[in-house]
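The primary structure of each chain is shown beneath.
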Amino acid sequence: AAPFLVEVGRALKAVSLEAVLIGNAGAALQGAPVTTVDFDFLFRRTPRNLQKLKQFATRLGATVLRPYYPVSDMFRVVRDDGLQVDFMGTVHGIRSFEGVRTRASIVELEDAAIAVASLGDIIRSKRAAGRPRDLAVVEVLEKTDGQAKAEAANGHAPAAPRRAGARKRPRA
């Protein structure tokens, strides 16, 4: 999964599409012992970002699909080699993209930087979704989150990742 995620991170940067990795892939990057077959991203669903999403898919040699429901807020980017990246404008239990982005950390993978939602946000979204497959991992995610917080409180955690919301913004 790491080579795919590096490729995804490079493509996001190339088209300037701001998105935050959520779901099991985001949890796994933070040490949770979970697996997944896809990458789930939260993004702002704007006309400009939808154009960037098409550019992202083209850059990856992939196709953008609108699966499942006509009113779905999800866009699935798929490629023949198994790469699957889902982009959602809304996620259960999450109030705003901005809030998730502010609490997210930046994970560096080779030359790709990926914004990763906090475990707290991932846990909230899985609880709110209420699907059996989401609820099945909540306890594992909570344990991982608790261990990370305990290690940080004891000064044993590695250097904190950069916060996605902490980047400098130009003043108007």
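One can find the structure itself at the top, above this paragraph.
Parameters at a glance
Sequence order as written defines the numbering, with residues in each chain counted from 1. Totals for whole chains, interfaces and linings use all residues, but because this is a predicted model, local features are given only for residues with pLDDT of at least 70 and pairs of side-chain atoms are given and counted only at 80 or more. Only hydrogens and water are removed before side-chain values are computed, so all heavy atoms of the structure are retained for them. As used here, the term nonpolar core means buried Ala, Val, Leu, Ile, Met, Phe, Trp, Tyr and Cys residues forming a set that is joined through side-chain atoms within 4.5 Å. Throughout this description, buried means an accessible area under 20% of the type-specific maximum (1.4 Å probe, protein chains only), exposed means over 50%, and partly exposed covers the range between. Helix numbers and strand numbers start at the N terminus; a helix is a DSSP run of H or I with at least 4 residues, a strand a run of E with at least 2. Contact criterion: two residues are considered in contact whenever any of their non-hydrogen atoms come within 4.5 Å of each other. One side-chain nitrogen of Lys or Arg within 4 Å of one carboxyl oxygen of Asp or Glu is enough to make a salt bridge. Inter-axis angles, ranging from 0 to 180 degrees, are taken between N-to-C directions of lines fitted to C-alpha atoms, where helices are fitted over the stretch in contact. What sets the label is the angle itself: under 35 degrees gives roughly parallel, over 145 gives roughly antiparallel, 65 to 115 gives roughly perpendicular, and the rest give oblique. Crossing handedness is defined as follows: a turn of the near helix away from the far one that is anticlockwise and smaller than a right angle gives a left-handed crossing, while the clockwise case is right-handed. Under the scheme applied, nonpolar residues are Ala, Val, Leu, Ile, Met, Phe, Trp, Tyr, Cys and Pro; charged residues are Asp, Glu, Lys and Arg; polar residues are all the others, including Gly. By this definition, two strands are paired if DSSP reports at least two bridges between them. Identification of polar contacts relies on pairs of N or O atoms within 3.5 Å, with a donor-acceptor requirement for protein atoms, meaning one able to donate a hydrogen and the other able to accept it, and with residues adjacent in sequence counted only if both atoms are side-chain atoms.

*Asks:* Could you clarify how one ought to interpret the nonpolar core in this entry?
*Replies:* Most often, soluble globular proteins keep nonpolar side chains buried together rather than apart. If you look at the biggest cluster of nonpolar residues, it comprises 28 residues, and the most contacted ones within it are Phe-41, Phe-56, Val-85 and Phe-87. Elements supplying a minimum of two residues to this core: helix H1 (2-15), strand E1 (19-22), strand E2 (39-43), helix H3 (47-60), strand E4 (74-78), strand E5 (84-88), strand E6 (105-109) and strand E7 (112-116). If near-sequence neighbours (up to four positions away) are discounted, Phe-87 is found in contact with Leu-12, Leu-17, Ala-19, Phe-41, Phe-43, Leu-53, Phe-56, Asp-73, Met-74, Phe-75 and Val-77. In this structure, Ile-22, Ala-32, Val-34 and Val-138 belong to the second largest nonpolar core, which totals 22 residues.

*Asks:* What am I meant to see in the pattern of salt bridges here?
*Replies:* Pairing is possible between side chains of opposite charge, provided their charged atoms come close. Per the counting criterion, the structure on display carries 16 salt bridges. Of the charged contacts, one joins Arg-44 and Glu-98 as a salt bridge, the two residues approaching to 2.6 Å between their closest N and O atoms. Linking Arg-44 in the loop between E2 and H3 with Glu-98 in helix H4 (residues 97-103), this pair joins segments that are 54 residues apart in sequence. The shortest N-O distance in the salt bridge between Arg-127 and Glu-142 comes to 2.1 Å. With Arg-127 in helix H5 (residues 119-129) and Glu-142 in helix H6 (residues 132-153), this residue pair connects regions lying 15 residues apart in the sequence. Through salt bridges with shared partners, a single network forms among Glu-18, Arg-44, Glu-98 and Arg-101.

*Asks:* How do you make sense of unusual backbone geometry when you look at a structure like this?
*Replies:* What you tend to see is this: most non-glycine residues have negative phi, and most peptide bonds are trans. Of note, Ser-16 is a non-glycine position whose phi angle comes to about 55 degrees, a positive value. With respect to the secondary-structure elements, Ser-16 resides in the loop between H1 and E1. Positive phi, close to 55 degrees, is recorded for Glu-110, a residue that is not glycine. The exposure class of Glu-110 is exposed, given its relative accessible area of 65%.

*Asks:* How do you make sense of the environment of Ser-72 when you look at a structure like this?
*Replies:* Along the chain, the position of Ser-72 falls in the loop between strand E3 (63-65) and E4. In sequence terms Ser-72 and Thr-90 are 18 residues apart; their C-alpha atoms lie 9.5 Å from each other.

*Asks:* I keep staring at the packing of H5 against H6 and nothing clicks. Help me out?
*Replies:* For any two helices packed against each other, the geometry is given by the interaxial angle and the distance between the axes. Remark: H5 packs on H6, axes separated minimally by 9 Å, with the N-to-C direction vectors making an angle of 160 degrees. The pairing of H5 with H6 is recorded here as roughly antiparallel in orientation. The chirality of how H5 crosses H6 is left-handed. Contact with H5, carried on its side by Leu-119, Gly-120, Ile-122, Ile-123, Lys-126, Arg-127 and Ala-129, involves Asp-134, Leu-135, Val-137, Val-138, Leu-141, Glu-142, Thr-144 and Asp-145 of H6 and no other residues of that element. Tallied by class, residues from the contact of H5 with H6 come to 8 nonpolar, 2 polar and 5 charged.

*Asks:* I'm lost on the pairing of E2 in this one. Help?
*Replies:* Note on strand geometry: in a regular strand, side chains alternate between the two faces of the sheet. The buried count for E2 comes to 5 of 5 residues, which makes it a mostly enclosed element. Of the two faces of E2, the one holding Phe-39, Phe-41 and Phe-43 and the one holding Asp-40 and Leu-42 are both buried throughout. In the sheet, E1 pairs with E2 via 4 bridges, with the strands oriented antiparallel. From the neighbouring strand, Val-20 faces E2, where its bridge partner is Leu-42. Pairing between E2 and E5: 4 bridges, direction parallel. Among the inter-strand pairings, Leu-42 is bridged to a residue of E5, identified as Met-88.

*Asks:* Help me understand the environment of Thr-36, please; the structure alone is not making it clear to me.
*Replies:* Along the chain, the position of Thr-36 falls in the loop between helix H2 (23-29) and E2. The spatial distance from the C-alpha of Thr-36 to the C-alpha of Gly-26 is 9.9 Å, given a sequence separation of 10 residues. Filtering out sequence-adjacent residues up to four positions away, Thr-36 remains in contact with Asn-24 and Ala-25. At 3.0 Å, the side chain of Thr-36 and the side chain of Asp-38 are in polar contact.

Function-wise, these values are silent; they only describe arrangement.
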